[in-house]
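Working through the structure, step by step
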Amino acid sequence: MSPPAWLGYDWLAPRFIGWMLEGVVQTAWLSLLVCVAASVLGIVLAALQPSRLRWPVNGWLAAHRYTPLLVQLLLWYFGVASLLPEGAMLWLNAPHAFGPLTWPSFEFLAAFIALTLYSSAFIAGEVEAGLRGVPAGQYAAAHALGMRPWQVLRHIVLPQALRLVYRPLLGQYLAVIKNTSLTMAIGVAELSYRSRQVETETLLTFQAFAVATLLYLLLVLGTQLAGVRLQTAQRGYGDA
Amino acid sequence: MKSKLILALLLAAGANSAFADRIDDIKKDGVLRVAAFDSNPPFGFLDAQTRQINGLDVDVARHIASKLGVKLELVPTNPANRIPLLVSGKADLIAANFTVTPDRAKQVDFSLPYFASGQQFIARKGSLQKPDQLAGLRVGADKGTTQEITLRDKYPATKVVSYDDTPLAFAALRNGNVNAITQDGSKLAALLANAPDKDKFEIAPFTLTREYQAIGLPKGEARLQKLVNDVLLSLEKNGEAQKIYDRWFGPSTKAPLPRDFKIGDKV
């Protein structure tokens, strides 16, 4: 990021590029945690679809799919927080350490919860489609071998289902990365928040948001390429 | 173009003062014309009941008029036309929450400051008394404000969390997400006034940055400037300045704000 003098524009000082990179780390870390947690939750929700819990699960999914993410973030950060007892809020907002691990800020925690619930509703949809795509014979054969329902799911159906919907799932993960930008509304110091901060401090409006755009592009494109490459590698292994 | 116009106006004002002292004109007319806000409570606003302009600035102006022994005539103004009114001679003084800045000092003279505002904090009662205590606290600010920058530059150990606007920051404070929030003092006072649980919070008794409000005068009116300054200093001395302050910002008002500036503190 050396200044291209021929452009005749002011460039962002290294200190501000540093702020942006801190934002990238925060964005990547939040995205990773949300993708893992939302996948687990999404699979559980999809697996519950054929069960007696179908209607409550559908209601839960609808509530998270059909409301704006920003409102859900505000609900968790401002709304739920105002219902918690004062002592709980004091604890949640104070720094805590568990060995080498530190307790996350309340902003991060609320963002993680809201994003995970929101994303899991979409991931559940993809996983459900995958489960439907696995031939009925696979279920029947597994049952015939004496497997319990969760064993059927874990060892036989789910691996096939996930392979079927790998690309749409990857698309959901890319959406998670972009959706983390909304958490700037509740004060999470991720990339968008940082770029806005840099803009305030430097008044270099175009530069601040252009660098943020570029960094998002690298992050999302990088994840996409890595995901595709992983799939190709797996296929090669599976076919052998 | 603009600067030429201002120059012309300045020359006109200069020429004016060369011929006659403004004080003589005011006394001859029997009227002191003061530019005051008509929609900026509590500094200057149209009182719904009396239909008169009232406020802290007006109270100060009233004392200046009575010292001169003339009638007070208020000229309604807004931030944009304060200086033009004064420079064109349509007003003798500006008393409209008029902040002292070097740029303005090129066009007008200032009295001693009679009011000070600046970056302050709301926190839970008793939890924030000195600026040193800011270190390690989580403080809510408004995105894109100078307050955010000041805090980050001067108190690097403070964790600044920025929100989209002041009411959201205040919601975060009331929830306990942050330990304090920061904004301009009078804005915080108004915010606190409307909170249902305002008894739990207070405005911390210190100010990080300072802005001073003073009476604006035409350039080169040394006698008028001295008279205004004398009136202001005597208001502080005889306790009238405190009374005026308490009328608009005192403990019994809707938006109380501790007084931490006295006339004469800043010259």
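Model, not experiment: these values are computed from the prediction. In this numbering scheme, every chain counts its residues from 1 along its sequence in written order. Written order determines the labels here, with chains lettered from A and ligands numbered from 1. Side-chain atom pairs in this predicted model are given and counted only at pLDDT of 80 or more, local residue features only at pLDDT of at least 70, and totals for whole chains, interfaces and linings cover all residues. Calculation of side-chain values draws on the structure's entire complement of heavy atoms; hydrogens and water are dropped beforehand.

An automatic or database domain assignment supplies the residue ranges for each domain. Parsing chain B into structural domains produces domain 1 (2-117 + 211-249) and domain 2 (119-203). On a C-alpha basis, the centres of domain 1 of chain B and domain 2 of chain B stand 33 Å from each other.

What follows deals with empty space enclosed by the protein. Residue and element names in this part refer to chain B. In this analysis, the protein atoms alone were mapped onto a 1 Å grid. Cavities are point sets where a 1.4 Å probe fits without being able to get out; pockets are open sets with protein on both sides within 12 Å along at least five of seven lines; lining residues have an atom within 4 Å of a point. Grid points are joined across faces, edges and corners, and a volume is the space filled by probe spheres set on the points. All chains considered together, the criterion is met by 3 cavities of 30 Å³ or more. If you add up the space inside the largest cavity, you get close to 130 Å³. Lining of the largest cavity is provided by 16 residues; of these, Phe115, Ala116, Tyr245, Pro258 and Asp260 occupy positions nearest its centre. A run of H or I in DSSP becomes a helix once it reaches four residues, and a run of E becomes a strand once it reaches two; helices and strands are each numbered from the N terminus. Elements with a minimum of two residues in the lining of the largest cavity: strand 7 (109-117) and helix 8 (185-193). The leading source of residues in the lining of the largest cavity is strand 7, at 4 residues.

The next thing to look at is the packing of helix 2 (residues 22-29) of chain B against helix 9 (residues 222-237) of chain B. Residues and elements named next belong to chain B. Each axis is a line fitted through C-alpha atoms, taken for helices only over the stretch in contact, and angles between the N-to-C directions span 0 to 180 degrees. Put simply, helix 2 and helix 9 touch, their axes get as near as 7 Å, and they point 70° apart. Judged by the inter-axis angle, helix 2 sits roughly perpendicular to helix 9. Residues Arg22, Ile23, Asp24 and Ile26 of helix 2 touch helix 9, and the partners they reach there are Arg223, Leu224 and Leu227. The residue makeup of the contact of helix 2 with helix 9, split by class, is 4 nonpolar, no polar and 3 charged. Here the word oblique covers every angle except those under 35 degrees (roughly parallel), over 145 (roughly antiparallel) and from 65 to 115 (roughly perpendicular). Note on contacts: a residue pair is in contact if any heavy atoms of the two residues lie within 4.5 Å. The nonpolar class holds Ala, Val, Leu, Ile, Met, Phe, Trp, Tyr, Cys and Pro. Asp, Glu, Lys and Arg form the charged class, and all remaining residues, Gly among them, are polar.

Further remarks concern the pattern of salt bridges. Any carboxyl oxygen of Asp or Glu that lies within 4 Å of a side-chain nitrogen of Lys or Arg is treated as forming a salt bridge with it. The final tally for this structure, using the stated rule, is 21 salt bridges over all chains. Note that B:Lys219 is salt-bridged to B:Asp109, the shortest N-O span being 3.3 Å. Taken together, the residues B:Lys219 in the loop between strand 13 (211-217) and helix 9 and B:Asp109 in strand 7 connect sequence positions 110 residues apart. By relative accessible area, which is 30% here, B:Lys219 ends up partly exposed. If you follow the salt bridges from partner to partner, you end up with A:Arg196, A:Glu201, B:Glu148 and B:Arg152 in one network. Classification of residues uses two cut-offs on accessible area relative to the type maximum, computed with a 1.4 Å probe and protein chains only: under 20% is buried, over 50% is exposed, and between them is partly exposed.

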